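Listed here are the chains, written in short residue letters.
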Amino acid sequence: MHLYKTVAGLRSALASRRDRRAIGLVPTMGALHLGHASLIQRAVAENDIVVVSIFVNPLQFGPSEDLQEYPRQLEKDCRVCEQYGVDIVFAPTVEEMGTPPSQESPSSTVTAVVPPPEMTSVLCGQFRPGHFQGVATIVTKLFNIIAPNNAYFGEKDAQQLAILRRVVKDLNIPVEVKACPTVREASGLALSSRNQYLSETEREQAKAIYRSLQAARKAFCTGEREAFKLINIVKQELALTPEVKVQYVELVHPQTLTRLEKIEEAGLLAIAAYVGSTRLIDNVILRHRRPIIAIDGPAGAGKSTVTRRVAQSLNLLHLDTGAMYRAVAWLVMRSGISLDDEGAIAELVTQANLELIPAEPPNPTRVKINGEDVTETIRTPEVTAIVSQIAAKASVRQALVQQQQRYGKTGGIVAEGRDIGTAVFPDAELKIFLTASVEERAKRRWQDFKEQGREEISLEQLEQDIQARDYFDSHREIAPLQQAIDAIKIDTDKLSIEEVTEQIINLYEQLDSKA
Ligand code: AMP
């Protein structure tokens, strides 16, 4: 692992390694804990090169805030990064980042990124003027210096996450923002570098914060949707621990941050409170959606058959991602666009209107593109011949992932793919990693071929092909095969399709009873 303190050092190091490899960035202020570690682990799993930045950013501290006291422990943080497999730690000085060295210097002495005021004037923004502008400015600088493919942020700082997503969108910054769930102590207290300031008694009192959010979540699960009622539940629960001084409790839309009167689809219920002199924040997302099942795994593990059966049994929409890629391939073919005309394909796919329409089982989900039903035509050998080339294009993937995520909003779907649980639905309620040994998968394929009267391919050849395909799938730049950290692995070597389907249905039902 390398530590760089200058932009020049970091840029040169990255330039020599960049050659089309994925770079992941985890921006932090250091004093790393297991919350940061979860972002780092995910970045390491999803990228070839991981940069962790450690910078206590003066621009995001107000004059009466804890800039001087904020914990700094670079050596220890570097050891943590090394342990998790980080490639580079970037720890610039304030001068190197070109930010005012002290709180006396006004932040207006540097070029600033100003997020929309409606997003910065709610929640923490009301009490920390300039904070999110400071965050947006520094994170944009980091994006420009590092040019990462992916950047990882915690849902614990939900307002920061929503604002940075908006900055990336509005400024067309070519980075994918990845949200990571809040990591908590067993007591429910969200991990934070500022927890170091808490005494034992205060730490005990701070547990009330998550307890109050849980009380609201419980009410939400039993049907409560009104903002003022949910907020009152939080306040009543917090009132039982008067040492916790509430700064705000608000319910807003998780993306736009506009205040909600009622939750239609999803709401972000957020708190800031003082425990002693320490300011803590926490939140929960209350989402009104049926669960999502995401099934990943290597080629030939039985994903598509199992997914279809699970969808039928549980009456869920089968989000047939393969059919979506086929539909785009068909459209490209029909439009007469050359397969290497990246620009024309990108334009075509971003303007296409794709629909998946559930059909009565056992009929497959119907697929329409630009109003035309292509359910059957997308299965022709001509489409099959070009679909993997189409699916490997970043623009196609990006557009289809967005479409898939739109379907995910209301839930009630089961989807399969090589990175459904890691990239498309990282917040899926149930993630399955379906796998089988190379030998078993080769045997199954060989059996299929035999049934089709094709006996010319040997078992050994099939094993080699599968091994090569696994290697390619796990190492390809776009959407590589990975097991999500929170996925349940099912090894299907000794299981029938029925048994695998049954296991997934049982897991889904347990989920329902937990909710
Ligand atoms: P900070 O060092 O506080 O600026 O945090 C750096 C990143 O880690 C931000 O994206 C935070 O949202 C994230 N983070 C901090 N605490 C947690 C936590 N308990 N769980 C998940 N992510 C966190």
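It should be emphasised that the depicted structure is a prediction, and the values quoted were computed from it without experimental measurement.

A. Region of the structure containing the site of the ligand. As a structural note, the neighbourhood of the ligand is formed by 17 residues, with H36, G154, D157, V183 and L191 the closest of them. M29 is positioned with one of its backbone polar atoms (N or O) 2.9 Å from an oxygen atom of the ligand. At 2.6 Å from an oxygen atom of the ligand is found a side-chain nitrogen or oxygen belonging to D157. Considering the ligand on its own, with 480 Å² of exposed area, one finds that the protein chains cover 93% of that surface. Secondary structure elements with two or more residues in the shell around the ligand: β2 (23-28), α2 (34-46) and β5 (150-154). It is α2 that contributes the most residues to the shell around the ligand, 3 residues altogether. Per-class residue counts for the shell around the ligand are 8 nonpolar, 7 polar and 2 charged.

B. Layout of the sheet that holds strand β14 (residues 372-373). With respect to topology, 3 strands assemble into an open sheet ordered β12-β13-β14, the strand pairing being antiparallel. The open sheet has two free edges, formed respectively by β12 (354-357) and β14, since each of these has just one partner strand. As judged from the 4 bridges shared by β12 and strand β13 (residues 366-369), these two strands associate in the antiparallel manner. Considered in β13, the bridge of E355 is made with K368.

C. Summary view of the domain arrangement of the protein. Examined at the domain level, the protein breaks down into domain 1 (2-180), domain 2 (193-287) and domain 3 (290-513). Each of domain 1 and domain 2 has a C-alpha centre, and the two are 26 Å apart. Approximately 1,800 Å² of surface area, both sides summed, lies buried where domain 1 meets domain 2, with 56% of it carried by carbon and sulfur atoms. Linking domain 1 with domain 2 are 1 salt bridge, by the criterion used here. A salt bridge links R194 to D66; its shortest N-O distance comes to 2.9 Å. Run the count over domain 1 and domain 2 and you get 10 residue pairs in polar contact (both at pLDDT 80 or more). For the side of domain 1 that touches domain 2, the secondary structure elements donating two or more residues are α5 (124-127) and α7 (158-170). Tallying contributions element by element places α7 first for the side of domain 1 that touches domain 2, with 4 residues. Along the lines of polarity and charge, the residues of the side of domain 1 that touches domain 2 split into 12 nonpolar, 6 polar and 6 charged.

Definitions and cut-offs
Residues numbered from 1 in each chain as written. Predicted model: local features only at pLDDT ≥ 70, side-chain atom pairs only at ≥ 80, totals over all residues. Heavy atoms only, no water. Near = heavy atom within 4 Å. Polar contact = N/O pair within 3.5 Å; in protein donor to acceptor, adjacent residues only side chain to side chain. Areas by Shrake-Rupley, 256 points an atom, 1.4 Å probe, with all protein chains shown as cover. Helix = DSSP H or I, 4+ residues; strand = E, 2+ residues; numbered from the N terminus. Nonpolar A, V, L, I, M, F, W, Y, C, P; charged D, E, K, R; others polar. Pairing = 2+ DSSP bridges. Domains from an automatic or database assignment. Buried area = accessible area lost by both parts, 1.4 Å probe. Salt bridge = Lys/Arg side-chain N within 4 Å of Asp/Glu carboxyl O.

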